[in-house]
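Now for the letters of each chain:
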Amino acid sequence: MRSPNRFRTAPCNSRPFLRRALAVTVVVLSLPSVLQAVCKPSPALAARLRAHPDAESYAALGNYYGEQHKLDCAAESFDAALKLQPSSPRIAYMLGLSLYAEGKPEEAVGPLQRSTHFAPDELKPHLLLAAAYEQLQKPKEAREEWAAAIKIDPKSPIALDGMSKSLMAEGDYSSVVDNLKPSPKDENITMDLALAYSKMGMIDKSAATLEDALRVNPASARLTRALVSIMVQQTRYQEASKLAEKLALLRPHDLDAQADYLRVLVLNGDVAIARPLARTLLATSPHNFDFLYLSGILERQAGEFPVARAHLQEAIAINPNYYNAHYNLGAVLAKLQEPKEAREEFEKAIQLGGTEAEIRFDLAGVLRTLGETQLAQEQLKIYQQELKAKAARTQAATKSAQAAQELATGDAHKAVALYQEAVDALPESASLLYELALAQDKAGDLAAERTTLEKVIKLDPTLALAQNQLGYLESQSGDPAAAEQQFKLALRAAPNYTQAWVSLAATLGMESRFPEAQEAVANALRIDPENTQAKGLAKALNAAQAQR
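The present account deals with the structure reproduced in this document. (Residues numbered from 1 in each chain as written. Predicted model: local features only at pLDDT ≥ 70, side-chain atom pairs only at ≥ 80, totals over all residues. Heavy atoms only, no water.)

1. Concerning the overall build of the protein chain
Test applied: Every helix listed is a DSSP run of H or I at least four residues long, and every strand listed is a run of E at least two residues long, numbered separately from the N terminus. The buried label applies to any residue whose accessible area, calculated with a 1.4 Å probe on protein chains only, is under 20% of its type's maximum; exposed applies above 50%, and partly exposed to all values in between. In what follows, residue pairs with any heavy atoms lying within 4.5 Å of each other are defined as contacts. Methods summary: accessible areas were calculated by the Shrake-Rupley approach with a probe of 1.4 Å, and residue burial reflects only the protein chains presented. His is not counted, nor are the chain ends; Lys and Arg add positive charge and Asp and Glu add negative charge. Where a charge sits is defined by one atom per residue type, namely NZ (Lys), CZ (Arg), CG (Asp) or CD (Glu).
When you go through the protein chain residue by residue, the secondary structure sums to 30 helices and 0 strands. Considering only C-alpha atoms, the protein chain reaches an extent of 85 × 70 × 40 Å along its principal axes. With 548 residues in all, the protein chain has 51% of them scored as buried. Look at the contacts in the protein chain between residues 6 or more apart in sequence, and 54% of them connect residues 24 or more apart. Accessible surface computed for the protein chain: about 25200 Å², of which carbon and sulfur atoms make up 52%. A gap of 2 Å separates the mean positions of the 60 positive and 66 negative side-chain charges of the protein chain.

2. Some thoughts on the packing of aromatic side chains
To keep it simple, the criterion reads: To pair, rings of Phe, Tyr and Trp, with the six-membered ring standing in for Trp, must have centres within 6.5 Å; the planes then decide the type, stacked if under 30 degrees apart, edge-to-face if over 60, and tilted in the middle.
Summed over the entire model, instances satisfying the criterion amount to 7 aromatic pairs. Plain terms: the ring middles of Tyr-64 and Tyr-65 are 5.5 Å apart, the flat faces sit at 55° to each other, and that makes the pair tilted. With a centroid separation of 5.7 Å and 10° between ring planes, the pair formed by Phe-289 and Tyr-293 is classed as stacked. Residue Phe-289 and its partner Tyr-293 are located together in helix α17 (residues 289-301), separated by 4 residues, close to a single helical turn.

3. Some details on the packing of helix α26 (residues 464-476) against helix α27 (residues 480-493)
The axes of two packed helices give the description: the angle between them and the distance between them. The following threshold applies: Axis angles are defined between N-to-C directions and span 0 to 180 degrees, where every axis is a line fitted to C-alpha atoms and, for a helix, only to the segment in contact. An angle below 35 degrees is treated as roughly parallel, one above 145 as roughly antiparallel, one from 65 to 115 as roughly perpendicular, and anything else as oblique. Left-handed describes a crossing whose near helix is turned anticlockwise from the far helix by less than a right angle; the clockwise case is right-handed. In the scheme used here, Gly and all other residues not listed as nonpolar or charged are polar, with Ala, Val, Leu, Ile, Met, Phe, Trp, Tyr, Cys and Pro taken as nonpolar and Asp, Glu, Lys and Arg as charged.
Where α26 contacts α27, the two axes come as close as 8 Å, and the packing angle between them is 165°. In terms of their interaxial angle, α26 and α27 are classed as roughly antiparallel. The hand of the α26/α27 crossing is left-handed. Together, Ala-464, Gln-467, Asn-468, Leu-470, Gly-471, Tyr-472, Glu-474 and Ser-475 of α26 and Ala-482, Ala-483, Gln-486, Phe-487, Leu-489, Ala-490 and Ala-493 of α27 make up the contact between the two elements. Its residues placed into classes, the contact of α26 with α27 shows 9 nonpolar, 5 polar and 1 charged.

4. Structural notes on the environment of Ala-408
Relative to the assigned elements, Ala-408 resides in helix α22 (residues 373-408). Measuring from C-alpha to C-alpha, the distance between Ala-408 and Thr-532 comes to 26 Å, with 124 residues separating the pair along the chain.

5. Some words on the pattern of salt bridges
Threshold: One side-chain nitrogen of Lys or Arg within 4 Å of one carboxyl oxygen of Asp or Glu is enough to make a salt bridge.
According to the stated counting rule, one finds 28 salt bridges in the structure shown. Put simply, Arg-275 and Glu-304 hold a salt bridge, and the shortest N to O gap is 3.0 Å. Taken together, the residues span a long stretch of sequence, with Arg-275 in helix α16 (residues 271-284) and Glu-304 in the loop between α17 and α18 (305-318) at a distance of 29 residues. As a salt-bridge pair, Glu-484 and Arg-513 come within 2.7 Å of each other at their nearest N and O atoms. In this pair, Glu-484 sits in helix α27 while Arg-513 sits in the loop between α28 (498-510) and α29 (514-527), placing the two residues 29 residues apart along the sequence. Judged by relative accessible area, Glu-484 falls into the buried class, the value being 9%. It is possible to trace a salt-bridge network through shared partners that takes in Arg-225, Asp-256, Asp-260, Arg-263 and Asp-290.

6. What about the state of the cysteines?
Defined as follows: For the purposes of this analysis, a disulfide is any pair of cysteine sulfur atoms at a distance within 2.5 Å.
Tallying each qualifying case throughout the model produces 1 disulfide. Here Cys-39 pairs with Cys-73 through a disulfide, and the sulfurs are 2.0 Å apart. Between Cys-39 and Cys-73 the sulfur-sulfur dihedral comes to about -85°; the bridge is accordingly left-handed. With Cys-39 in the loop between α1 (16-22) and α2 (43-51) and Cys-73 in helix α4 (residues 71-84), the pair connects residues that are 34 residues apart, well separated along the chain. Accessibility expressed as a relative area gives 31% for Cys-39, which makes it partly exposed.

7. Regarding helix α14 (residues 237-250)
Heads up, the condition is: The span you would expect from a helix comes to 1.5 Å times its residue count less one.
With 14 residues, α14 ought to run about 20 Å at 1.5 Å a step, and its terminal C-alpha atoms sit 20 Å apart, in line with that. When α14 is considered as a whole, its buried residues turn out to be Ala-240, Ser-241, Leu-243, Ala-244, Leu-247 and Ala-248. Looking at the buried side of α14, the elements it contacts are α12 (203-216), α13 (221-233) and α15 (255-268).

8. Considerations on α2
To keep things clear, this is the line we draw: The arc under discussion is defined with respect to the helix axis, by the directions toward the C-beta atoms.
Listed as buried for α2 are Leu-45, Ala-46 and Leu-49. Buried residues of α2, viewed axially, fall in a sector of 105°; they line one side. In α2, the exposed positions that point more than 90 degrees away from the buried face belong to Pro-43, Ala-44 and Arg-50. Those residues of α2 that are buried lie in contact with α3 (55-67).

9. Let's talk about the packing of α13 against α14
Their axes nearest at 8 Å, the elements α13 and α14 cross at an angle of 160°. By the angle between their axes, α13 is roughly antiparallel relative to α14. Pair α13 / α14 crosses with left-handed handedness. Within the contact between the two elements, α13 uses Ala-221, Thr-224, Arg-225, Leu-227, Val-228, Met-231 and Val-232 and α14 uses Tyr-237, Glu-239, Ala-240, Leu-243, Ala-244 and Leu-247.

Structure (structure tokens):
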């Protein structure tokens with residue numbers, strides 16, 4: 001039976017920081033986008049404009065229209081104010097904000113650029129300009145504005161979140177990890193860091209990040225749901241079940257929380273709890289995809305094939321692109337002696353990305369029934385291969401989770417042994433090898449660490465964290481040329497990796513290549529202006545060059 005492993009996390013392109021950025025002004029961010037054509041000022045403002053048709057009067061009128069949800073009128077008023085006072089960063093910002101809230105990010109860019117020009121140290125215009133560039137799909141320009149905002153306020157959660165999401169959209173997960181690890185974390189930043197670790201295959205670190213955050217904020221639904229998802233990936237089903245149950249009890253009207261709890265119950269085979277809960281949830285929300293889909297699985301397990309078919313068909317009508325619903329419907333149709341229709345569902349599941357061994361096995365069964373003996377044999381061969389791969393993934397996930405726990409308690413040598421078992425199960429996993437290297441570093445076995453890091457880089461030359469760590473080992477062994485090469489490779493993979501810039505600067509400084517070293521440390525400070533290592537190194541380089 002295929003388990004319903006269908007957990008969802010917040011999409012990488014969500015923009016909660018944008019709502020907060022806009023909420024800081026009198027033009028309310030949550031304004032509706034419906035424009036109102038008639039621009040009629042209040043009697044008091046009309047009288048003020050007649051008496052004093054200056055920039056401040058038009059700005060006051062813009063604020064009034066903003067409060068009235070008339071964004072087009074607000075933009076016209078701020079535009080008139082800016083014509084009268086073209087060097088006002090405040091009015092330029094308000095015009096840009098009005099245009100952005102009106103759904104015109106391209107028109108908002110000009111006034112926002114003007115605002116940042118006349119007031120370069122003001123945070124809000126940089127934040128909004130970055131958001132506008134993101135909407136216009138100009139990531140390079142957006143990152144420049146996020147960086148400018150971070151320079152103004154290195155702890156700004158909006159700027160850190162925006163920069164992280166921009167980097168992740170480009171696949172630069174190493175820079176996200178490097179930039180966020182030392183930051184004070186709000187919920188968005190924690191989610192960014194956990195997602196970056198997950199994208200790099202470092203599931204243990206993703207889980208640890210979420211667990212640390214939940215200890216501080218145990219009632220957070222987002223953090224809890226994300227950790228439940230990670231625990232399922234780690235095959236920590238019992239822990240995931242307890243965590244999902246806690247959230248479901250705390251949020252009885254949250255359908256996503258209820259669906260997560262039901263899903264983990266099905267994964268665990270806790271049928272006695274899952275069946276009555278599924279009936280209750282489906283009665284409450286009869287057209288909810290998750291409740292239909294999970295009910296179908298439970299009914300299939302109980303041999304209630306006609307009702308399972310109805311529920312799974314309705315679920316697929318709601319979401320036709322979820323492969324596991326097609327697989328389960330195929331299994332039901334096979335039991336109902338409808339092999340042709342079952343075959344179609346199994347093949348659709350594979351087409352949509354289903355790789356589980358069970359799909360191939362059941363497809364082979366209906367192919368035999370249909371007389372397709374050779375095709376059935378081919379599917380059975382794939383089944384054996386995928387069954388072996390599944391066992392290896394499960395073994396690796398279990399050992400890796402155990403290793404992370406041992407490392408957290410300070411037993412590095414035991415962690416090394418467990419990570420080695422995980423690597424033995426999945427020898428082509430660069431992320432597992434990197435975790436092993438870090439454990440070897442903690443255990444003081446630098447020779448083994450070097451060998452492991454070399455394997456990591458051979459498997460994945462773009463894993464900047466491994467390149468940087470190997471560069472550190474080269475530097476420690478007295479080979480600055482090799483260290484420099486590794487740091488440069490790390491930066492080629494992740495151009496915003498602050499630590500690699502610092503490491504490169506230090507290496508160049510040791511070779512008395514001061515101009516190059518100063519340029520490298522300047523890059524580090526551009527990305528992270530408050531980085532203590534970079535600031536100290538910059539001072540040391542200046543002093544060393546002055547003594548020459």
